[in-house]
Every structure is written in structure tokens, then in C-alpha cells.
Amino acid sequence: QVQFVESGGGLVQPGGSLRLSCVASGFTFSTHTMSWYRQVPGKEREYVAGIPTTGGSTDHADSVKGRFTISRNNVKNTVYLQMNNLKPEDTAAYFCNAAFRISWAPIFLRAWGQGTQVTVSS
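Trainee: What am I meant to see in the overall build of the chain here?
Mentor: Per the secondary structure count, the chain includes zero helices and ten strands. Computed over the C-alpha atoms, the radius of gyration of the chain is 13 Å, within 12% of the 14 Å expected from 2.2 N^0.38 for a compact globule of 122 residues. Considered along the principal axes of its C-alpha atoms, the chain spans approximately 40 × 25 × 25 Å. Restricting to contacts in the chain with at least 6 residues of sequence separation, those with at least 24 account for 57%. For the chain, the accessible area works out to roughly 6,300 Å², and carbon and sulfur atoms hold 49% of it. Of the charged side chains in the chain, 11 are positive and 7 negative, and the gap between their average positions amounts to 7 Å.

Trainee: Looking at this structure, I do not really get the pairing of strand E7 (residues 68-73). What am I missing?
Mentor: In regular strands, side chains alternate between the two faces of the sheet. Here E7 shows a clear split, with Phe68, Ile70 and Arg72 buried on one side and none of Thr69, Ser71 and Asn73 buried on the other. With six bridges joining them, E7 and strand E8 (residues 78-83) adopt antiparallel strand pairing. Looking at the pairing, Arg72 lines up with Val79 of E8. The antiparallel hairpin formed by E7 and E8 contains four residues in its connecting segment, where Asn77 sits at a positive phi of about 50 degrees.

Trainee: Is there a simple way to think about the sheet that holds strand E2 (residues 10-12) in this case?
Mentor: Through backbone hydrogen bonds, the strands of a sheet pair up, either in parallel or in antiparallel fashion. Spatial strand order, E2-E10-E9-E4-E5-E6: six strands in an open sheet with mixed pairing. In the strand order of this sheet, the two ends are held by E2 and strand E6 (59-60), each with one partner. By the bridge criterion, three bridges tie strand E9 (residues 92-99) to strand E10 (residues 116-120) in an arrangement that is antiparallel. Looking at the pairing, Ala92 lines up with Val118 of E10.

Trainee: When you look at the sheet that holds E8 in this model, what are you seeing that I'm missing?
Mentor: The strand order across the open sheet built from four strands is E1-E3-E8-E7, with neighbouring strands paired in antiparallel fashion. Both outer strands of the open sheet, strand E1 (3-7) and E7, are each paired with one neighbouring strand and no more. Put simply, the sheet's adjacent strands are angled 15 degrees from each other on average, direction ignored.

Trainee: Where do I start with the state of the cysteines in this structure?
Mentor: Tallying each qualifying case throughout the model produces one disulfide. The disulfide partner of Cys22 is Cys96, and the gap between their sulfur atoms is 1.7 Å. Taken together, the residues span a long stretch of sequence, with Cys22 in strand E3 (residues 18-25) and Cys96 in strand E9 at a distance of 74 residues.

Trainee: What's the story with the environment of Thr28 in this structure? I'm lost.
Mentor: Within the element layout of this structure, Thr28 appears in the loop between E3 and strand E4 (33-39). Look at Thr28 and you get partly exposed, because its relative accessible area is 46%. Between the C-alpha atom of Thr28 and that of Gly8, which follows or precedes it by 20 residues, the distance is 23 Å.

The rules behind the values
- Residues numbered from 1 in each chain as written.
- Predicted model: local features only at pLDDT ≥ 70, side-chain atom pairs only at ≥ 80, totals over all residues.
- Heavy atoms only, no water.
- Helix = DSSP H or I, 4+ residues; strand = E, 2+ residues; numbered from the N terminus.
- Rg over C-alpha atoms; globule rule 2.2 N^0.38 Å.
- Contact = heavy atoms within 4.5 Å.
- Areas by Shrake-Rupley, 256 points an atom, 1.4 Å probe, with all protein chains shown as cover.
- Lys, Arg positive; Asp, Glu negative; His and termini not counted.
- Charge placed at Lys NZ, Arg CZ, Asp CG, Glu CD.
- Buried < 20%, exposed > 50% of the residue type's maximum accessible area, 1.4 Å probe, protein only.
- Pairing = 2+ DSSP bridges.
- Axes fitted to C-alpha atoms, helices over the stretch in contact; angles between N-to-C directions.
- Disulfide = S-S within 2.5 Å.

What is shown is where atoms sit, not what they do.
Written out as C-alpha cells, the structure is:
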């Protein structure tokens, strides 16, 4: 059974930092591209960042480029999202999933985790 467990969210002031973690199970983590997504109530889930199997050639959405960094640990089956210089518009629930390498679209559409809430506010 595919599972994703996200953690690390919280309330942070503008300009602050957070590090999100996502532990994956139920599939061969090391052979899958991984991505982070975020969603605000009433809006569609949007892509944030993606990382190939070996960790090279990462990709970040324009809205977070230069502020967020995706990384992974294939031994721990974990993908991370380091978020710096957070802005109020980054407020959302953040989710991870395995992804298709070319499109960064999520693979396991029926296995979304609970997500972790990030709130950026003064």
C-alpha cells in the first residue's frame, strides 16, 4: 500500500524558514522521481518542486525558485523541502507524491497523504 506522511509545517512569520519532510512507503522509492505540491482551499493542487531518482537536475516552480530547495535521502525513503524567505502567498497545505519524470505530474493519485499545513503570517 502506497503511503506518504508529510511533516514539518507550522506557523512562521514572513521571511522565515521551514523544512518539510515526507516519508514514502509501499513502492521502490529510489527508482521514482519525487515531487512536492501545495493546495489552498478552493483551488487546484499546484506543483512546487521535483527531484529525479539520483537527486540531480532538480526543478522548482517559478514562484518558489531561489527560495525553496528539494532534496531526497534514498536510504530513509524521504524527500525534503527546505523553504526560505517564506511569503504569505506560500500559505498552503503541502503534499508529496511520486511523479512522472518529464511532466512532474503525480503518479499515485489515490494515495495522497494528509499533507502538512504551512501558514505564513505576521
